[in-house]
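Below are the chains, spelled out letter by letter.
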Number of protein chains: 2
Amino acid sequence: MESHALHVFRTVAELSSITAAARTLRYTQSAVSRQIAALEAETGAPLFDRLPRGVALTEEGRCLLGHAEAVLDRLAAARRDLTALRDLTAGRLRVGAFPTAVAALVPRALSAFRAAHPHVALSLVEGLTPGLLDRLVAGDADVVVVSAAPDQPLDGDRLDLHHLLDEALLVAVPRTHRLAHRRTVRLRELADDAFIAGSAIAEETLLRATLPAGFRPRIDIVAAEWTGKLGCVAAGLGVALVPALAVRAAPPDLALLRLHPDDAAVRRVYAATPRNRSLPPAVQRFLTHLDEATAGLG
Amino acid sequence: MESHALHVFRTVAELSSITAAARTLRYTQSAVSRQIAALEAETGAPLFDRLPRGVALTEEGRCLLGHAEAVLDRLAAARRDLTALRDLTAGRLRVGAFPTAVAALVPRALSAFRAAHPHVALSLVEGLTPGLLDRLVAGDADVVVVSAAPDQPLDGDRLDLHHLLDEALLVAVPRTHRLAHRRTVRLRELADDAFIAGSAIAEETLLRATLPAGFRPRIDIVAAEWTGKLGCVAAGLGVALVPALAVRAAPPDLALLRLHPDDAAVRRVYAATPRNRSLPPAVQRFLTHLDEATAGLG
DNA sequence: TCGCTGTCATGCGTCTACGGCATGGCAGGC
DNA sequence: GCCTGCCATGCCGTAGACGCATGACAGCGA
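Quick caveat: nothing in here was measured; it's all calculated off a predicted structure.

Digging into the overall build of chain A
Scanning chain A for helices and strands turns up 10 helices and 12 strands. A total of 298 residues make up chain A; the buried ones form 38% of that total.

A few points about the interface of chain A and chain B
A common way to express how large an interface is: the accessible area buried when the components associate. Counting residues at the interface gives 30 residues for chain A, matched by 30 residues for chain B. Counting only elements with at least two residues in the side of chain A that touches chain B, the list comes to helix 1 (3–15) and helix 4 (59–87) of chain A. Considering each element in turn, the side of chain A that touches chain B owes the most residues, 16 residues, to helix 4 of chain A. Here the residues of the side of chain A that touches chain B sort into 13 nonpolar, 8 polar and 9 charged.

Description of the protein's contact with DNA strand D
Neighbouring DNA strand D are 21 residues, the closest being Thr19, Ser30 and Ser33 of chain A together with Ser30 and Ala31 of chain B. Counting residues per element, the surface near DNA strand D draws most heavily on helix 3 (residues 29–43) of chain A, at 6 residues. When its residues are assigned to classes, the surface near DNA strand D shows 8 nonpolar, 9 polar and 4 charged.

Observations regarding the protein's contact with DNA strand C
Around DNA strand C, the structure places 21 residues, and the nearest of them are Ser30 and Ala31 of chain A together with Ile18, Thr19 and Ser30 of chain B. Going through the elements one at a time, helix 3 of chain A together with helix 2 (18–25) and helix 3 (29–43) of chain B are the ones with two or more residues in the surface near DNA strand C. Top contributing element to the surface near DNA strand C by residue count: helix 3 of chain B, with 6 residues. Residues belonging to the surface near DNA strand C are distributed by class as follows: 8 nonpolar, 9 polar and 4 charged.

Remarks on helix 10 (residues 281–297) of chain B
Compared with the 24 Å implied by 1.5 Å per residue over 17 residues, the 25 Å span of helix 10 of chain B between its first and last C-alpha is a close match. Where the residues of helix 10 of chain B are buried, they touch strand 3 (92–97), helix 6 (105–116), strand 5 (143–148), strand 6 (159–174) and strand 12 (266–274) of chain B.

Calculation notes
Just so you know, the residues in each chain are numbered from 1, in the order the chain's sequence is written. To label them, take the chains in the order written and letter them from A, then take the ligands in the order written and number them from 1. For a predicted model such as this one, the threshold for reporting local features is a pLDDT of at least 70, and the threshold for listing and counting side-chain atom pairs is 80 or more; totals across whole chains, interfaces and linings nevertheless cover every residue. Runs of H or I in DSSP of at least four residues are treated as helices and runs of E of at least two as strands, each being numbered from the N terminus. Backbone-placed C-beta atoms define the burial measure: a residue is buried with 20 or more other C-beta atoms within 10 Å of its own, exposed with 12 or fewer, and partly exposed in between. A pair of residues counts as a contact when their C-beta atoms, built from backbone coordinates, are separated by no more than 7 Å. Polar here means any residue other than Ala, Val, Leu, Ile, Met, Phe, Trp, Tyr, Cys and Pro, which are nonpolar, and Asp, Glu, Lys and Arg, which are charged; Gly is therefore polar. Using a C-beta atom placed from the backbone, a residue is scored as near a molecule or strand whenever that atom is within 6 Å of it. For a helix, the expected span equals 1.5 Å multiplied by the number of residues minus one.

See below:
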């Protein structure tokens, strides 16, 4: 019961004629005649009565016709859905990203993606790199934007890493700070300063991942949000490490200092997809939007 | 998108392995591999990710799998329905019959048919021969039991006639009638008797169809039901023509007389089906039950 | 680190089977 | 009675599908 045979069968049934169906299908009459004969042999029942002018469905033929229509309709639906998936007029895209990336980079890419492909259902989950990677390999996300220190490479065995950018860490100090006029500073110059952390766990990750080993900052204050963190800095309560992605423009009452190249506090930012998996069209397209959003940040 | 390819695709998806699918499908690994490759070329999308151990569905593969399952299930349903139709475990049978046949012949056949094939939906319509034939050619009945006089053959161009029996007409007379002791009578001997008709239209048909031209019976009384008709005869109100099929046994207070062979009042009874149409299995089977019921009447 | 194993892909030969061409049979209509 | 239109079928060529064999690749264990 091949679908091709069912298509021929339906055409013959609609036109009540083997010859007419053959013309429509661009076949010869003999080919269609044999297709029908083969189908009748396969089903073991006569499907058409042969009339002097054309053919007419039998009881069994009517029975089969309903199923044939359903099958062919479903096949058409399958083709339609697959092309929709390829043309991004349907489907979904599940993105994961670490908090700093959600500040600007990922929303921009998502916005551009949605504008180009409004029918793709978008979802975004914010999380930390390890959890995001778990989601990815578990199949709960299609692509995740993660970060890692250069000397702590991500598990490349299970991932395909698409490098987006290297994110520098800045030091936020009050305008009144003794180093506020500097372009770059060394970490050791901040050894006596109090550090304001974001959240305990996130900052843990941030500090561990980016700062050279051996540097143990003094942490007095924990501020959950960037705004509060920068507010504390502006109030002169301490200094803070700020990922470059998190602050698009320096507030007027504090200064953002680069770290000296030797301290090289840098996070590498990647878009990660499952290793050796074919990328759905939505993911491929989103990666290009991520690249464009990255370029737009410079 | 042939259904065979979809079957292979589903098996591979279920087993997450081309090799395993090939084993279960009794193919070689290469054949299944190429089937999948051809399907991917046809859909224009990768359906599986090739893993070191087996394969895994892609986004597009999952999309197709749902449709493939639906298509294959529907094909199985089609096969099931067709075999049910052949095995008479489903379907319907629409019978038409003229009134006398509904008295005994057709109900017996229907009863036997239902006992043998309880899942076939039965319907029975009682009517006169012309109307029944209209139903048949219009496709509103599958088989009709009709009657005709020997010299008025039915329209054989549009019908296939399956001869069941020749039904003799009997003359019912009271026990006290002057001819009650006879085995056979001539019609002219009844020229002076009053005839009791069944219903005006049906009796018209009955008389016209069966009695020799030129014989014009005197009709005084019309009795709609056979019981009333025979009651009138028993009461001495007249005589009546009675189809042999209508009276299985003679009531004690009246006599049933055969007509002389020369008067040959006979109706030929047929099961009629559309000409040159293949008979659905239910109809074929019902014809044999009609034959058996006919034999059981003798 | 080096085979070993299990997986999928692919080149090659064969064979089936499907479609086209031609013809035949059959019924209806002028 | 011939002609026409329809479906069935024998014959034949070719394309496609299958099996066999081999290659490529990754993971695992000695």
